[in-house]
Amino acid sequence: MSRTAVHILDKLCQEVFNHALLSYFILDGNGAIKDWGGHPARLNLKTPKKEMDISDVVLFMHGILPLTGPSMEFSCIKTDHDTCVDALLFRADRDYGLVIWDASRKDEFLTQTQ
């Protein structure tokens, strides 16, 4: 990959993480948090800690692991604090990746059009 492409991707990632309400989690096979980043507080999520079970941060993850397929998508899930989020859970070697982002605009649109 060219240096320019790397620079563009780096800038894009910075913009997404700085301006979007997005959080990511790296989970072990049992759902314990190995690492995390982004802005969980801005999504009204409980402050994650390493080794904490992901379902203590996001209730909708309770009983989801282990995955039977390579990934699972969640759309317009309401969190404990009534924040609407979308999420993507996927296998990453022996671990899992979970990305959660704000879906309030999508939820508003869907509510208006139904």
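These numbers were taken from a predicted model, which means no experiment stands behind them.

Trainee: I tried to follow the overall build of the protein on my own but got confused; where do I start?
Mentor: Regarding its fold elements, the protein presents two helices and five strands. Of the regular secondary structure in the protein, the N- to C-terminal order runs α-β-β-β-β-β-α. Scored against the burial criterion, the 114 residues of the protein give a buried share of 32%. Sequence-distant contacts, at least 24 apart, represent 35% of the contacts inside the protein between residues at least 6 apart.

Trainee: Which parts of the structure should I look at to understand the environment of serine 2?
Mentor: If you trace the backbone, serine 2 turns up in the segment before helix 1 (3–19). For serine 2, a relative accessible area of 42% translates into the label partly exposed. Here the side chain of serine 2 touches alanine 5 through a polar contact of 3.1 Å, landing on its backbone nitrogen.

Trainee: I would appreciate a short explanation of the confidence of the model for the protein in the present structure.
Mentor: Caution applies to low-pLDDT regions: their predicted coordinates should not be interpreted in detail. Overall, the prediction assigns the protein a mean pLDDT of 87, with 89% of residues at 70 or greater. Mean pLDDT across the elements of the protein ranges from a minimum in helix 2 (residues 104–113), with 68, to a maximum in strand 5 (residues 95–102), with 94.

Trainee: Hey, could you run me through a nonpolar patch on the surface in this one?
Mentor: Among the surface-exposed residues, Met1, Val6, Leu9 and Leu12 lie close enough to one another that they form a single nonpolar patch of about 430 Å² accessible area. For leucine 9, the location among the structural elements is in helix 1. Judged by relative accessible area, leucine 9 falls into the partly exposed class, the value being 42%.

Rules used in this analysis
- Residues numbered from 1 in each chain as written.
- Predicted model: local features only at pLDDT ≥ 70, side-chain atom pairs only at ≥ 80, totals over all residues.
- Heavy atoms only, no water.
- Helix = DSSP H or I, 4+ residues; strand = E, 2+ residues; numbered from the N terminus.
- Buried < 20%, exposed > 50% of the residue type's maximum accessible area, 1.4 Å probe, protein only.
- Contact = heavy atoms within 4.5 Å.
- Polar contact = N/O pair within 3.5 Å; in protein donor to acceptor, adjacent residues only side chain to side chain.
- pLDDT = per-residue confidence, 0-100.
- Patch = residues over 30% accessible without salt bridge, like charges linked within 9 Å, V, L, I, M, F, W, Y side chains within 5 Å.
- Areas by Shrake-Rupley, 256 points an atom, 1.4 Å probe, with all protein chains shown as cover.
- Salt bridge = Lys/Arg side-chain N within 4 Å of Asp/Glu carboxyl O.

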